[in-house]
Amino acid sequence: MSLSLATTNAAQPPSAESSGPPLRIYLANDDHTDYMWTADAETYDRVFVEMLDYYLDLADDTKDRPGPYRSRFNADGSFWLWNYERQKSPEDFHRLMAAIADGSISAPLNALVSCYGGQPAEAVLRGMYYAGRLERAYGVRFPQAVAMENQTQPLGLASLWAGAGARYSWKGVCACASRMPQPPLSRREHEIYWYTGLDGQRVLMKWHSIAAGNNKSIGGYAEAFDPVKSIEFLESNPEFLRRYRAPGADRPYSVRGAFGFGWDALDRKTGQVYKANEKDYPYTEHFHVIAEEHTTADRQVIASNQEDFFADFESRYGSQIPSESVTHGNEWDLYSASQAETSARVRRSVEKLRAAEALATTVSLRQPDFLADRTAARDEAFMDLGLYWEHDWTADGPVSRSARAAWQEALADRIETYVDTLHADASTALGGLVAGTPDGSPRFLAFNPLGWTRTDSADFAYDGPAEITVHDLTANTTIPHQIVTNGDARQLRILATDLPPFGYKVYEIRPDSRDHIPGDAATFDAASGSFENDRVALVIAPDGSIVSLIDKTRPEHNLVTEIDGLALNDLSTDTTPAQISVIDRGPVSVTLECVRGGKPVHTTRITLHRNSERVDLHNEITENFGETQHWTFSFNLTDPDIHTEEVGAIIRLKRQADGGHYADRNARTDYATLNHFVDISDGTGTRGVTLSNADCAFVRPGRSTPEELDTATAQLNVLAGGQVDGPTLGIQDQNGETRFLQRFALRPHGGYDPAGAMRFALEHQNLPVTASIIGNPEAHLPATTHSLLTLDHPGVLVWAVKPAEEGIADGIIVRLWNVTSEIAETTLTLDPAPTSARRTTHVETNVDPADLTDGKLTARFAPQEMQTFRLITQRTP
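A brief look at the structure comes next. Within every chain, residues take consecutive numbers counted from 1 along the sequence as written. The predicted nature of this model means local features are confined to residues of pLDDT at least 70 and side-chain atom pairs, given and counted, to a pLDDT of 80 or more, with totals for whole chains, interfaces and linings taken over all residues. Only hydrogens and water are set aside when side-chain values are computed; all heavy atoms of the structure are taken into account.

**A closer look at the overall build of the protein**
Here is step 1: Only runs of H or I of at least four residues qualify as helices and only runs of E of at least two qualify as strands under DSSP, and these elements are numbered from the N terminus. When helices and strands are tallied, the protein shows 15 helices and 45 strands.
Here is step 2: Between the two quantities, the radius of gyration covers C-alpha atoms and the globule rule is 2.2 Å times the number of residues to the power 0.38. Relative to a compact globule of 877 residues, whose C-alpha radius of gyration would be 29 Å, the protein shows 28 Å and is just as compact.
Here is step 3: By its C-alpha atoms, the protein is 95 × 60 × 45 Å across when sized along the principal axes.
Here is step 4: With a 1.4 Å probe rolled over the protein chains alone, any residue whose accessible area is under 20% of its type maximum counts as buried; one over 50% counts as exposed, and the rest are partly exposed. Counting only residues that meet the buried cut, the protein has 64% of its 877 residues in that class.
Here is step 5: The long-range share in the protein, meaning contacts at least 24 apart out of those at least 6 apart in sequence, stands at 76%.
Here is step 6: Each accessible area is a Shrake-Rupley estimate made with a 1.4 Å probe; only the visible protein chains count as cover when residues are assessed. About 29300 Å² of surface is accessible on the protein, with carbon and sulfur atoms providing 48% of the total. Two residues form a contact once any of their heavy atoms are found within 4.5 Å.

The following block contains the structure:
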């Protein structure tokens, strides 16, 4: 039920053209949330409610005061609202939302303050979905998003935030637990600027240089801890005033702000008198009092909800301020690798959600109530994605490391359970919607969860006889198959050719092996270590590492070399001979297993596929470790050029001055974010390798350090896990974990192609989904093949397709990403055809009508732009 409040959603700033004082200083009160650092979850969940009640009452008490002197409070995450909704009555929650609508209370889109460098793009977006649901239910907007205290920030986050509807952000840092050099933190490039993604989308960012390394002053995450001193600083500090101005301007900006009061405090209440030396002091009534007391004829001080500052500043100076499109790298983000397997489980679930939701969309069009009883589990899983990367991964506070680690495990469990259940139920339901065969011959489907036609291996759980053939009913032909064993699971592996986008083909198992396609997809010679198919040739060293990779279309060049004693897929320099054997072979694929020594002990499975250049690497570390570990890939490429999918952007790992995307200063450079892929090519642009990454989150180029980015060494060191900044920061000894699954794939290529690299990685990480055809006589889907949607531009990829949050009756949500560096236009065709279309934010709040002609959506994209659409269809019975 919509309860639209139809109000301004912001305090109203004085007009820039008014006759009031020329200088306006905004003071914003908050209580910075150090969730599972200062106190445990139960305590914080209680405090959120108590503090919101306190400031709701104070807002009522001051509502008749002049606008600048009314109480306002900022909750630094939508998780505050989530807890309030669950602990209070509907009437109380409506009161809170009314206060958000009138600007007395503000909150950002994000769940809590997070470290974003280790997150997949879709995890960032799902963590803001609760705020999106509130926007639609109450007719408000959340124009802010924040990521603070951590000293670094990714580039692509600007695009994700702006695409989700954020217009503003501020950042204050801790200047602690850091390997960032202090001078850059105190001399930032710009004090306020347009934080701009590679697609041109932008957020107005206030990120001040930190004053004297004190995080309870300007530039820290509690800038207004002493609001009187902050007023004095903003008005008179000569260094700040010299920097806080437009390029070439002769005077500073007259709209200034100090945000943040609570610091690391929690819930100790004090009286009305402000105590500047009181450490634990989150509750205060003094901001609106100080605003009035310190307003003079030359200076207006305003009790702020943050949004009013930005609205005022943008209206006056928005066209004058500079823009920044750089990454600052990763710092506290890296500490999620201290619980590497738990973090990998969350990443796998985010990726698996792609297929689960695509399946659920196809099913929901025929069974509209399919998702009806899953709302609570879905909402909790998405909120958990917003919490998992909460910024206190340092784990060095009052809450024990073991308690923090257990909390992370609980989040991962809930996320995993929701996605796995949805995936299993949706694939089974789809099998029940496809027409079967009259004679009951066993059939199964292979569903492609990606937006283009592809050919790949597909595995179907199978316990029948081995003497069979498999028939492709669409092509009416026998296809290659083999029986493989994965642990205790026996599977039928087929070569599924030309699978349609977001669609399936059906296969029949026939009890006759005369048409069986013989031969092996690849050959292995144990004596020489040679392992090859018709596309690539490898040489496996006695220790199990790969010492040669030949692209047979460019056979003159071995793409592997040894750097610092490490070749390809090396975990350590230990050269103890591995136990190497062929464990699966057949006409679809051949797999080697290399049981390798060293420390830690690990096993690698290397798979080559029929008619494919993809080299699959399935690594398992099988003992606990405490020290930092890397999977190393050393390449025989000169003048290397490296690109990686960061967070909402594909960036080039060079300094900005050298044509890359790393900030020339104010950046930590040892580990870049690694999402679906990292690509390394030579300086001539004629050869290179894409490395697909399914489970890890960071990569160190060559011998890079926190201060120096190594752009000369053709080596990629993927962080397998560890406490990169020492034993006091992060979870020690991987929380006792003894099994780590870390999968990669290699693809040699010619020139670098971002769309080709992303497609390759997505195929490796999203294998076809198989399901039995139940043979329901009332099935509504074709008996051989079906496709949900198609796109006509190879560089625009379907990033997500799902039923709308409020149900399939509210449409199908399609998220598209142009991963190229060029402007692109694409046409999307959906079955059934849409009757209307709207562009939405990435959290599914409608923005404006989309171009829908003859039932086809046409959209134009800036380079690297992501857009989200709502397509209303006539559901098919």
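Back to the write-up after that little detour.
**Some details on empty space enclosed by the protein**
Here is step 1: Every definition here rests on a 1 Å grid over the protein atoms only: cavities are sets of points where a 1.4 Å probe fits but cannot get out, pockets are open sets enclosed by protein on both sides within 12 Å along at least five of seven lines, and lining residues have some atom within 4 Å of a point. Grid points are joined across faces, edges and corners, and a volume is the space filled by probe spheres set on the points. Per the counting criterion, the structure on display carries 11 cavities of 30 Å³ or more.
Here is step 2: Put simply, the largest cavity is a space of about 130 Å³.
Here is step 3: Considering the residues around the largest cavity, the lining is formed by 17 residues, among which Ala 340, Ser 343, Asp 695, Cys 696 and Ala 697 are closest to the centre.
Here is step 4: Where the lining of the largest cavity is concerned, the elements lending two or more residues are α12 (340–364), β33 (715–721) and β34 (740–749).
Here is step 5: When residues in the lining of the largest cavity are grouped by element, the largest group, 5 residues, is from α12.
Here is step 6: Each residue is assigned to one of three groups, with Ala, Val, Leu, Ile, Met, Phe, Trp, Tyr, Cys and Pro labelled nonpolar, Asp, Glu, Lys and Arg labelled charged, and all others, Gly among them, labelled polar. The residue inventory of the lining of the largest cavity, partitioned by class, reads 10 nonpolar, 4 polar and 3 charged.
Here is step 7: Estimated volume of the second largest cavity: approximately 100 Å³.
Here is step 8: Lining the second largest cavity are 13 residues; nearest its centre among them are Glu 122, Val 350, Glu 351, Arg 354 and Trp 799.
Here is step 9: Those elements that place two or more of their residues in the lining of the second largest cavity are α4 (121–126), α12 and β38 (796–803).

**A short note on the sheet that holds strand β1 (residues 23–28)**
Here is step 1: Spatial ordering of the open sheet is given by β7-β1-β8, a layout of 3 strands whose pairing is parallel. Each edge of the open sheet carries a strand with a single partner, namely β7 (255–259) and β8 (299–304). The sheet shows a mean angle of 20° between the axes of neighbouring strands, taken without regard to direction.
Here is step 2: The pairing criterion for strands is at least two bridges between them, as found by DSSP. Of the strand pairs in this sheet, β1 and β8 are connected by 6 bridges, and their pairing is parallel. Its bridge partner lying in β8, Ile 25 is registered against Val 301.
Here is step 3: The strands that helix α10 (residues 286–293) touches are β1 and β8; relative to β8, the one it contacts most, it runs at about 170°.
Here is step 4: Contacts between helix α11 (residues 307–317) and the sheet are confined to β1, β7 and β8, with β7 contributing the most and set at about 155° to the helix. Helix axes are fitted to C-alpha atoms over the stretch in contact, other axes to C-alpha atoms as well, and angles between N-to-C directions run from 0 to 180 degrees.

**Thoughts on the sheet that holds strand β25 (residues 615–621)**
In any sheet, the strands associate via hydrogen bonds between backbone groups, in a parallel or an antiparallel arrangement.
Here is step 1: Spatially, β22-β23-β24-β25-β34-β31-β30-β27-β28 is the arrangement adopted by the 9 strands of the open sheet, whose pairing is antiparallel. Two strands lie at the open edges of the sheet, namely β22 (579–585) and β28 (650–652), each paired on one side alone. Averaged over all pairs of adjacent strands, the angle between strand axes in this sheet comes to 20°, irrespective of strand direction.
Here is step 2: One ladder, built from 6 bridges, connects β22 with strand β23 (residues 589–596); its direction is antiparallel. Across the sheet, Val 582 pairs through a bridge with Leu 592, a residue of β23.
Here is step 3: Running at roughly 60° to β34, α12 makes contact with β31 (688–693) and β34 of the sheet.
Here is step 4: Where helix α15 (residues 754–765) meets the sheet, its contacts fall on β25, β27 (641–645), β28, β30 (677–681), β31 and β34, and the angle it forms with β34 comes to roughly 140°.

**A look at the environment of Lys 229**
Here is step 1: Among the secondary structure elements, Lys 229 is positioned in helix α8 (residues 227–236).
Here is step 2: A relative accessible area of 56% means that Lys 229 is categorised as exposed.
Here is step 3: For the pair formed by Lys 229 and Ile 218, sequence separation is 11 residues and the distance between their alpha carbons is 9.6 Å.

**As for the layout of surface pockets**
Here is step 1: Volume-wise, the largest pocket comes out at about 1500 Å³.
Here is step 2: Lining the largest pocket are 46 residues, and of these Asp 459, Asn 486, His 618, Arg 743 and Leu 767 sit closest to its centre.
Here is step 3: Ranked by residues supplied to the lining of the largest pocket, first place goes to α12 with 7 residues.
Here is step 4: In terms of residue class, the lining of the largest pocket is made up of 15 nonpolar, 15 polar and 16 charged.

**Considerations on the side chain of Gln 153**
Here is step 1: Structurally, Gln 153 can be placed in the loop between α5 (129–138) and α6 (157–163).
Here is step 2: Residue class for Gln 153 comes out buried when judged on its relative accessible area of 2%.
Here is step 3: Two N or O atoms count as a polar contact when they lie within 3.5 Å, although within protein this holds only if one can serve as hydrogen donor and the other as acceptor, and sequence-adjacent residues are included solely when both atoms are side-chain atoms. A polar atom in the side chain of Gln 153 sits 3.2 Å from the side chain of Lys 171.
Here is step 4: When sequence neighbours within four positions are dropped, the list of residues in contact with Gln 153 reads Ala 147, Trp 161, Lys 171, Tyr 195, Met 205, Trp 207, Thr 327, His 328 and Gly 329.

**A short note on the packing of aromatic side chains**
Here is step 1: Here is the rule: rings of Phe, Tyr and Trp (six-membered ring for Trp) pair when centre to centre is within 6.5 Å. Planes less than 30 degrees apart are stacked, more than 60 are edge-to-face, and the remainder are tilted. Within the structure shown, the criterion is met by 41 aromatic pairs.
Here is step 2: Between Tyr 244 and Tyr 253 the ring centres are 5.0 Å apart and the planes differ by 85°, which places this aromatic pair in the edge-to-face class. Side by side, Tyr 244 and Tyr 253 carry an identical accessibility label, which is buried.
Here is step 3: For the ring pair Phe 259 and Phe 310, a centre distance of 6.0 Å and an interplane angle of 70° mean the geometry is edge-to-face. Of the two residues, Phe 259 sits in strand β7 while Phe 310 sits in helix α11, which places them 51 residues apart along the sequence. Per residue, the accessibility class of Phe 259 equals that of Phe 310, and both read buried.
Here is step 4: Each member of the aromatic cluster is reached from another via a ring pair, and the members are Tyr 26, Tyr 168, Trp 170, Phe 233, Phe 240, Tyr 244, Tyr 253, Phe 259, Phe 309, Phe 310, Phe 313 and Tyr 317.

**As for the pattern of salt bridges**
Here is step 1: Any Lys or Arg side-chain nitrogen found within 4 Å of a carboxyl oxygen on Asp or Glu counts as a salt bridge. In total, this model carries 63 salt bridges according to the counting rule given.
Here is step 2: Between Arg 585 and Asp 520 there is a salt bridge, and its shortest N-O distance comes to 3.0 Å. Taken as a pair, Arg 585 in strand β22 and Asp 520 in the loop between β16 (503–510) and β17 (523–525) lie far apart in primary sequence, 65 residues in all.
Here is step 3: Residue Lys 802 is joined to Glu 805 by a salt bridge in which the shortest nitrogen-to-oxygen separation is 2.8 Å.
Here is step 4: The class of Glu 805 is buried, set by a relative accessible area of 7%.

**Digging into the packing of α12 against helix α13 (residues 375–388)**
Here is step 1: Running from N to C, α12 and α13 point in directions that differ by 145°, and their axes come no closer than 12 Å. When the axes of α12 and α13 are compared, the crossing they make is left-handed. In this structure, α12 contributes Thr 342, Ser 343, Val 346, Val 350, Leu 353 and Glu 357 to the contact, and α13 contributes Phe 382, Leu 385 and Tyr 388.
Here is step 2: Along the lines of polarity and charge, the residues of the contact of α12 with α13 split into 6 nonpolar, 2 polar and 1 charged. The crossing is said to be left-handed when, going from far helix to near helix, the turn is anticlockwise and less than a right angle, and right-handed when the turn is clockwise.

**Observations regarding the packing of helix α2 (residues 78–87) against α13**
Here is step 1: With their axes 11 Å apart at the nearest point, α2 and α13 run at an angle of 145° to one another. Like other packed secondary-structure pairs, α2 and α13 cross with a definite hand, here left-handed. Of the residues in α13, those touching α2 at Ser 78, Phe 79 and Trp 82 are Asp 379, Glu 380, Met 383 and Leu 387.
Here is step 2: Of the residues in the contact of α2 with α13, the class split is 4 nonpolar, 1 polar and 2 charged.

**Describing the state of the cysteines**
Here is step 1: By disulfide we mean two sulfur atoms from cysteines, separated by a distance within 2.5 Å. Enumeration over the complete set of coordinates arrives at 1 disulfide.
Here is step 2: There is a disulfide in this structure between Cys 174 and Cys 176, and the S-S distance comes to 1.7 Å. Between Cys 174 and Cys 176, the S-S torsion sits near 95°, and that sign places the bridge as right-handed.
Here is step 3: A residue is classified by how much of its surface remains accessible, and Cys 174, at 3% relative accessible area, is buried.

**As for the pairing of strand β19 (residues 536–540)**
Here is step 1: β19 sits mainly inside the fold: 4 of its 5 residues count as buried.
Here is step 2: Bridge count for strand β18 (residues 530–532) against β19 is 3 bridges, and the pairing is antiparallel. The partner of Glu 532 across the bridge, within β19, is Ala 537.
Here is step 3: The hairpin turn running from β18 into β19, its antiparallel successor, is 3 residues long.
Here is step 4: Inspection of the sheet shows β19 paired to strand β20 (residues 546–551) by 5 bridges, in the antiparallel sense. Looking across to β20, one finds that Val 536 is bridged to Asp 551.

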